[in-house]
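Descriptive analysis of the structure
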Amino acid sequence: MLLLEVPKGSKIKIVSETKLPPGSEEIDVKETFIFDHVDGMYSYCINSKNKIVHLSAFTEVEIVND
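Residues numbered from 1 in each chain as written. Predicted model: local features only at pLDDT ≥ 70, side-chain atom pairs only at ≥ 80, totals over all residues. Heavy atoms only, no water.

Moving on: the overall build of the protein. Check the secondary structure of the protein and you find 0 helices and 5 strands. For the protein, the α and β elements follow one another from N to C terminus as β-β-β-β-β. A compact globule built from 66 residues would reach a C-alpha radius of gyration of about 11 Å, and the protein, at 10 Å, matches this within 12%. Taken over 66 residues, the protein has a buried fraction of 30%. Only carbon and sulfur atoms are counted for the fraction: they give 52% of the accessible area of the protein, which is about 4400 Å². Of the charged side chains in the protein, 7 are positive and 11 negative; the average position of the first set lies 5 Å away from that of the second. (Helix = DSSP H or I, 4+ residues; strand = E, 2+ residues; numbered from the N terminus. Rg over C-alpha atoms; globule rule 2.2 N^0.38 Å. Buried < 20%, exposed > 50% of the residue type's maximum accessible area, 1.4 Å probe, protein only. Areas by Shrake-Rupley, 256 points an atom, 1.4 Å probe, with all protein chains shown as cover. Lys, Arg positive; Asp, Glu negative; His and termini not counted. Charge placed at Lys NZ, Arg CZ, Asp CG, Glu CD.)

Set out below in structure tokens:
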């Protein structure tokens, strides 16, 4: 499913290539993220280190159920 279709607060993992805003730090694509919301072309997510990550809203992801 596309990241822009994911419910707020979902734990996700990336299943396809993603784009990050210019100048962003590299991310570990095997990591899980908490999705908050989409803001334009990018999203507001939190990684396992509690850092904000802006994945492309069109990234293919799957919801992780722990």
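So, next bit.
Regular strands place their side chains on alternate faces of the sheet. The alternating pattern of strand E1 (residues 11-14) places Ile 12 and Ile 14 on a buried face, while none of Lys 11 and Lys 13, on the opposite face, is buried. Relative to strand E2 (residues 32-39), E1 runs antiparallel, the two being bridged by 3 bridges. In the sheet register, Lys 13 faces E2, and the bridge partner there is Thr 32. Bridge analysis of E1 against strand E5 (residues 61-63) gives 3 bridges, and the strand direction is antiparallel. When the sheet's bridge partners are listed, Ile 14 is paired in E5 with Val 61. (Pairing = 2+ DSSP bridges.)

Quick look at the sheet that holds strand E3 (residues 42-46) now. Taken in spatial order, the 5 strands of this open sheet run E4-E3-E2-E1-E5, and their pairing is antiparallel. The open sheet has two free edges, formed respectively by strand E4 (52-53) and E5, since each of these has just one partner strand. Bridge count for E3 against E4 is 2 bridges, and the pairing is antiparallel. Among the inter-strand pairings, Ile 46 is bridged to a residue of E4, identified as Ile 52.

This brings us to the pairing of E3. The two faces of E3 differ: Ser 43 and Cys 45 on one face are buried, but Tyr 42, Tyr 44 and Ile 46 on the other face are not. As defined by bridge partners, E2 adjoins E3 across 5 bridges and the pair is classed as antiparallel. What sits directly across from Val 38, in E3, is Ser 43. Connecting E2 to the antiparallel partner E3 that follows it, the hairpin turn spans 2 residues, and Gly 40 within it adopts a positive phi of roughly 80°. Counting the residues between successive antiparallel strands, the hairpin from E3 to E4 contains 5 residues, one of them, Asn 50, with a positive phi of roughly 60°.

Everything listed here is a matter of geometry and, on its own, says nothing about what the molecule does.
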